[in-house]
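Here is what each chain is made of, one letter per residue.
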Amino acid sequence: MQGSKNITINFIINDEIFNNITVPVRQHLGDFLRSIGLTGTHIGCEQGACGACTVELDGKAVRSCLILSSQINGSVIKTVEGLDDTLMKKVKEIFLKHNALQCGFCSSGMLITTKEILNKKKKLNREQIRTEISGNYCRCTGYQSIVDAIEEAIEDNIKDI
Amino acid sequence: MVDITLNQNSKLGSIDRPNSYIGRSLTRDGAIRHLEGGGKFVDDLILPRMVNSAFLRSPYAHAEIKSINISDAQKYPGVIDIFLSEHIDTVCKPWIGVLSHLGEMRSPEQSPLAKKIARWQGEAIAIVIANTRAQAEDAIEAIEVDWVEKEPQINMETALDKDTVVIHKELGNNLFWTRTVEQGDVKKAFKESSTIVEATLDFARHTGVTLETRGIVADWDKSEKKMSIYHNGQAPHMMQHIIAKHFDISEGLVRVISKDVGGSFGIKVHVYGDEMAAIAASKILGRPVKFVADRLESFTTDIHARCHKISGKLGVDKNGKFLSMEINDLSGIGPYSMYPRTSAIETNQVLNLSGSPYIIPNYKAVGTVVFQNKTPMCQYRAVGHPIAVAITEVLVDKAAKKIGMKVEDIRKINFIPDDQYPNKTPSGVPLEDLSHQATMNKLLKIMNVPDLEKQKKLDLEKGILTGIGIISMCEVTNPSPLFYGVGGAHISSQDGASIRLEGSGAVHVSSSITEQGQGTEAIMKQIAADQLGVSMDTIRLTLGDTDATPYGGGTWASRGAGIGGEAVLKAARTLKNNILKIASAIMQTDIDTIDIANNSVIRKNGGEGISLKKLAETVYYRGHEIPQGTNPELIATSSFYIEGIPFVFTNSAMGCQVTVDQDTGLIKINKFWVIEDCGTQINPKLVEEQIRGGVIQGIGGALYEECVYDDQGNMQNATMADYLVPMACEMPDIIVDHVITNSGRSILGAKGAGEAGTGGAPAVIMNAINDALSSMNKEVTSQPITPEKILKAIGKI
């Protein structure tokens, strides 16, 4: 990297505390996550269009290719590898049941987006679900099975409210 | 959705027996790894001493390289080396993308990197090897090239004109290949036709847009003289052969590993210069080299598809019977024919498949394939089908409307009747085990056409343009050696499977079919467990490794289930027989009195059996307890290829209802139905998901996707934001149902199911839109059918 600089920052990823980590200022978050072995976050377009690299940053679903790793100082990040609470375990079961994935390349981003949908604790119809996931491209399934899965996950998540 | 479809294939045994898994929509348990972030994609791999690469690519569609100066770039931080064509060519022999069985194909030699002349925007010129991809990209900026721009040959329609630039001087003109198919007497039959309809359709270039871009890690171990390749491809053994051949390595010393692949759709089954250059760099440097394309590289170097202009003519008698069909197809394939499948096959499929559901006694098809200074074009999902199906089904609709018949009725009287197979396409290709009548009848029933017609009428009264479309089609699956092998390509039509019982009682299956998300892992396990009589959880599976799986063709042309699945079935049956022989010796009983169920050898008349675990332990650890001369074999390997016919065809009928917005030109697909006959369904849920995914890619081609070029050959929309792929919000739910006619070519009886959606959706959408526009007496003929084209058609702009 010609003229590149590094910066030292602190952050939390999947409940693990990272202190005094030096990252190149030019590197995007997706590349950084992958460089530390969190390869479940996939890079599809590097311009924020496809959604494959979506991660959770301080509670919001964001494109890790549009954020520099140097911007995450003090932040809390969740990647697909860290989706292990009861809610997301259930969501993964539901995805499997509906075969809401084929090649698996979009799945990590799709799950993070689903998590954000579920956080709203709101019932959505199929059209609304389709709108919510329109920032996540899937070239294999045709989306229907993903919509089926999210529909069931929403039902399951709000049934006790 | 069908939850459990019991297979209707008596050759597979009773559905009531234990471990009956074929025909059931079991969950793809192995897919959990993707939901845990544990997929193993090429770019996830890091090897010791591995270096990265990036390519200097031609910014011009056609330009001469006067000189290249790499001296500044070589000094950039992290740069290890930079190779040009002259370096790469010292270790990699060139290739030519031609086959011998379809008449003369003319395409020049191609090397990994361009020499002297670049012939498309994006063609690789130099490979920079650096510690990181970012460093390699930085160094590319410092390579100085003295370019002399040449006039590009962009337009396929003027490619053969006298004054057009010739891309390869030695060929004399821009013709790659041409073929004429003729059956009967077309001229005479048109004279005898009471009605003749004509159409000319355009299909833009589009591409596969696999979400995971192409990637490779090449690892040359000079101590063993062994090349290990980690590749997100579809055909590991084909790549093994090609790499051995072009890099002069003994084939047994090339290992190709293809683990998780993030979508392929035919894009990842070809030989790409940049991947070959990365392999060459590894061989020169003696260390692992990674190349993973970025999205811009994908758009400008992954093969493109379609790019056809087709004219057709259909002659019918006064009763609506088809007498004669003639088509003339022109296609542009970029500057080279791809290797090793060639870029002739899409056009060849158009010639073979047009008119294929129908009896058309007189048929003529002419295909012409020309060179252009654009990205090379080759086989992508549903090769040729969208063009063949659309020209046929558009003409059929036109004929019906012209003679005042219902579109379903004209189809019904012209179908090859379901009870008249084996038969042939109008082009002369053998057909068998198809069911156009039954699938169409089922389609019309579930669509409820009268209701749709009623709604259309009501909509029209309100000024809303609603249209209904239907089509029938044949789908090429399970190719035999007569597809590629006969033409000299070393592309295996055979697949192999090996199954062994291990000491723990676990069953290990390996297959030459690979997994790209279709569910190969699940169906191979289902077939093995079903045929062996063991539970699903006893099966372990290895795919995608030339060192560890039997030889075979891999995953393309919807051949995995029908060919690879049959190999697994045969191996499982052989292993079962082996086990029963051993068991009969141990149990001192006749082989006919025992069977395998629930992981044990059982006595058919009751009584104590023996678990497979115990049997395996006896064989592996206490062979002295087995009668001498039993020769126990707890492993079986089988293979299979289709004999006697070129392909096992599947057939489909599709319908859709669309609304055309007269103000915006936007199309809304309200409903979409597919009836597919792919024979035995090993896992109905996975079949349906193949169909749905296929339909969505077909909708992409029909309405959105296009590689847009300017007149200088620059691709204008090579980003995910500018190139429109279907998004969730604009896609319909798709209703899928089935007719089941087993293939008689195998015990399993399975045909393929991955192409139909992509092959049929463009035609049925075009028919539905034109039905909607018919009240205004307008039509569209060019795909993608963009809002602009709609508005132009209805005279709004």
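Residues numbered from 1 in each chain as written. Chains lettered and ligands numbered in written order. Predicted model: local features only at pLDDT ≥ 70, side-chain atom pairs only at ≥ 80, totals over all residues. Heavy atoms only, no water.

### Observations regarding the overall build of chain B
Thought 1: Summing up its helical and strand segments, chain B has 19 helices and 29 strands in all.
Thought 2: Whereas a compact globule of 797 residues would reach a radius of gyration of roughly 28 Å, chain B reaches 28 Å, a difference of no more than 12%.
Thought 3: When its C-alpha atoms are laid out on the principal axes, chain B stretches across 85 × 75 × 45 Å.
Thought 4: For chain B, with 797 residues in total, the buried portion stands at 65%.
Thought 5: The contacts of chain B with a sequence gap of at least 6 include a subset with a gap of at least 24, amounting to 79%.
Thought 6: About 27,300 Å² of surface is accessible on chain B, with carbon and sulfur atoms providing 49% of the total.
Thought 7: Across chain B, the centroid of the 81 positively charged side chains sits 3 Å from that of the 94 negatively charged ones. (Helix = DSSP H or I, 4+ residues; strand = E, 2+ residues; numbered from the N terminus. Rg over C-alpha atoms; globule rule 2.2 N^0.38 Å. Buried < 20%, exposed > 50% of the residue type's maximum accessible area, 1.4 Å probe, protein only. Contact = heavy atoms within 4.5 Å. Areas by Shrake-Rupley, 256 points an atom, 1.4 Å probe, with all protein chains shown as cover. Lys, Arg positive; Asp, Glu negative; His and termini not counted. Charge placed at Lys NZ, Arg CZ, Asp CG, Glu CD.)

### Thoughts on the domain arrangement of chain B
All names here are of chain B.
Thought 1: Here the domain parsing of chain B yields domain 1 (10–39 + 494–640), domain 2 (42–150 + 209–301) and domain 3 (383–482 + 646–793).
Thought 2: Here the C-alpha centre of domain 2 lies 39 Å away from the C-alpha centre of domain 1.
Thought 3: Residue-level contacts link 20 residues of domain 1 with 21 residues of domain 2.
Thought 4: Of the roughly 1,500 Å² buried between domain 1 and domain 2 on both sides combined, carbon and sulfur atoms contribute 41%.
Thought 5: When the buried surface of domain 1 facing domain 2 is broken down by residue, Gln516, Thr546 and Tyr551 rank first, second and third, together holding 38% of it.
Thought 6: Taken together, domain 1 and domain 2 are joined by four salt bridges.
Thought 7: The shortest N-O distance in the salt bridge between Arg255 and Asp547 comes to 3.6 Å. (Domains from an automatic or database assignment. Buried area = accessible area lost by both parts, 1.4 Å probe. Salt bridge = Lys/Arg side-chain N within 4 Å of Asp/Glu carboxyl O.)

### Side note on the domain arrangement of chain A
The parts lose accessible area when they come together, and the size of an interface is often stated as this lost area.
Residue and element names in this part refer to chain A.
Thought 1: By the assigned domains, chain A splits into domain 1 (6–81) and domain 2 (83–158).
Thought 2: For domain 1 versus domain 2, the separation of C-alpha centres amounts to 22 Å.
Thought 3: With 19 residues of domain 1 at the contact, the number on the domain 2 side is 14 residues.
Thought 4: A buried area of about 1,300 Å², summed over both sides, lies between domain 1 and domain 2, and 51% of it is on carbon and sulfur atoms.
Thought 5: The largest share of the area that domain 1 buries against domain 2 comes from His42, Glu56 and Val80, three residues that together contribute 33% of it.
Thought 6: A salt bridge links Lys115 to Glu56; the nearest nitrogen and oxygen atoms lie 2.7 Å apart.

### Re the sheet that holds strand E19 (residues 495–501) of chain B
Residue and element names in this part refer to chain B.
Thought 1: With mixed pairing, the four strands of this open sheet are ordered in space as E21-E20-E19-E25. Whereas interior strands pair on both sides, the edge strands pair on one side only; in this sheet they are strand E21 (539–543) and strand E25 (635–640). Going across the sheet, the axis of each strand differs from the next one's by a mean of 15 degrees, ignoring polarity.
Thought 2: In the sheet, E19 pairs with strand E20 (residues 507–511) via five bridges, with the strands oriented antiparallel. The residue of E20 that forms the bridge with Arg500 is His508.
Thought 3: Against the sheet, helix H15 (residues 560–587) engages E19, E20 and E25, with an angle of about 150 degrees to E25. (Pairing = 2+ DSSP bridges. Axes fitted to C-alpha atoms, helices over the stretch in contact; angles between N-to-C directions.)

### Here we look at the environment of His490 of chain B
All names here are of chain B.
Thought 1: Looking at where His490 falls in the secondary structure, it is placed in the loop between strand E18 (465–477) and E19.
Thought 2: Take His490: its relative accessible area is 52%, and that puts it in the exposed class.
Thought 3: If we skip the residues at most four places from it in the chain, His490 touches Met238 and His241.
Thought 4: Engagement of the side chain of His490 in a polar contact is seen with the side chain of His241, the distance being 2.8 Å. (Polar contact = N/O pair within 3.5 Å; in protein donor to acceptor, adjacent residues only side chain to side chain.)

### As for the packing of aromatic side chains
Residue and element names in this part refer to chain B.
Thought 1: Going through the model one piece at a time under the given rule, you end up with 14 aromatic pairs over all chains.
Thought 2: With 6.1 Å between their ring centres and 20 degrees between their planes, Trp95 and Tyr339 make a pair best called stacked. Here Trp95, found in the loop between helix H3 (85–88) and strand E4 (117–118), pairs with Tyr339, found in the loop between strand E14 (322–332) and helix H9 (345–353); they are 244 residues apart in sequence, far enough to count as distant. The same class applies to Trp95 as to Tyr339, namely buried.
Thought 3: Where Tyr484 meets Trp556, the ring centres are 5.7 Å apart and the plane angle is 65 degrees; that geometry is what we call edge-to-face. With Tyr484 in the loop between E18 and E19 and Trp556 in the loop between E21 and H15, this residue pair connects regions lying 72 residues apart in the sequence.
Thought 4: Positioned above the aromatic ring of Phe190, the side-chain terminus of Lys313 is 4.5 Å from the ring centre.
Thought 5: The side chain of Arg341 reaches across the aromatic face of Trp556, ending 4.3 Å from its centre. (Phe/Tyr/Trp six-rings, centres within 6.5 Å; stacked < 30°, edge-to-face > 60°. Lys NZ or Arg CZ within 6 Å of the ring centre and 35° of its normal.)

### A look at the nonpolar core
Thought 1: If you look at the biggest cluster of nonpolar residues, it comprises 138 residues, and the most contacted ones within it are Phe95 of chain A together with Leu314, Phe672, Ile699, Leu703, Ile765 and Ile769 of chain B.
Thought 2: If you tally residues by element for this core, the top one is helix H18 (residues 756–773) of chain B, at ten residues.
Thought 3: Beyond its immediate sequence surroundings of up to four residues, Ile769 of chain B is in contact with Val658, Val660, Ile667, Leu703, Val780, Ile785 and Ile790 of chain B. (Core = buried A, V, L, I, M, F, W, Y, C linked by side-chain atoms within 4.5 Å.)

### Let's talk about the interface of chain B and chain A
Thought 1: Tallying the contact residues gives 53 residues for chain B and 43 residues for chain A.
Thought 2: For the pairing of chain B and chain A, the buried interface totals around 4,100 Å² over both sides, and the portion due to carbon and sulfur atoms is 54%.
Thought 3: For the chain B face of the interface with chain A, the top three residues by lost area are Leu35, Leu211 and Ala728 of chain B, together amounting to 19%.
Thought 4: The interface formed by chain B and chain A contains seven salt bridges.
Thought 5: Across the salt bridge formed by Lys92 of chain A and Glu36 of chain B, the nearest N and O atoms sit 3.0 Å from each other.
Thought 6: Contributing elements (two or more residues each) for the side of chain B that touches chain A: helix H1 (32–35), helix H4 (133–140) and helix H17 (684–704) of chain B.
Thought 7: Per-element accounting of the side of chain B that touches chain A gives the leading share, eight residues, to H17 of chain B.
Thought 8: Its residues placed into classes, the side of chain B that touches chain A shows 24 nonpolar, 15 polar and 14 charged. (Nonpolar A, V, L, I, M, F, W, Y, C, P; charged D, E, K, R; others polar.)

### So, the pattern of salt bridges
Think of it this way: side chains of opposite charge can pair up when their charged atoms draw near.
Thought 1: For the coordinates displayed, the defined rule picks out 59 salt bridges over all chains.
Thought 2: With a shortest N-O distance of 3.2 Å, Lys90 of chain A and Asp156 of chain A are connected by a salt bridge. Here Asp156 of chain A lies in helix H5 (residues 144–158) and Lys90 of chain A lies in helix H2 (residues 86–97), a separation of 66 residues in the sequence.
Thought 3: Its relative accessible area of 22% is what places Asp156 of chain A among the partly exposed residues.
Thought 4: Measuring nitrogen to oxygen at the nearest pair gives 3.8 Å for the salt bridge that ties Lys454 of chain B to Asp451 of chain B. With Lys454 of chain B and Asp451 of chain B both in helix H13 (residues 449–461), this residue pair falls three residues apart, about one helical turn.
Thought 5: On the accessibility criterion, Asp451 of chain B (41% relative accessible area) is partly exposed.
Thought 6: One network of salt bridges, in which partners are shared, links Arg57, Arg133, Glu137, Arg214, Asp274, Glu275, Asp294, Glu297 and Asp302 of chain B.

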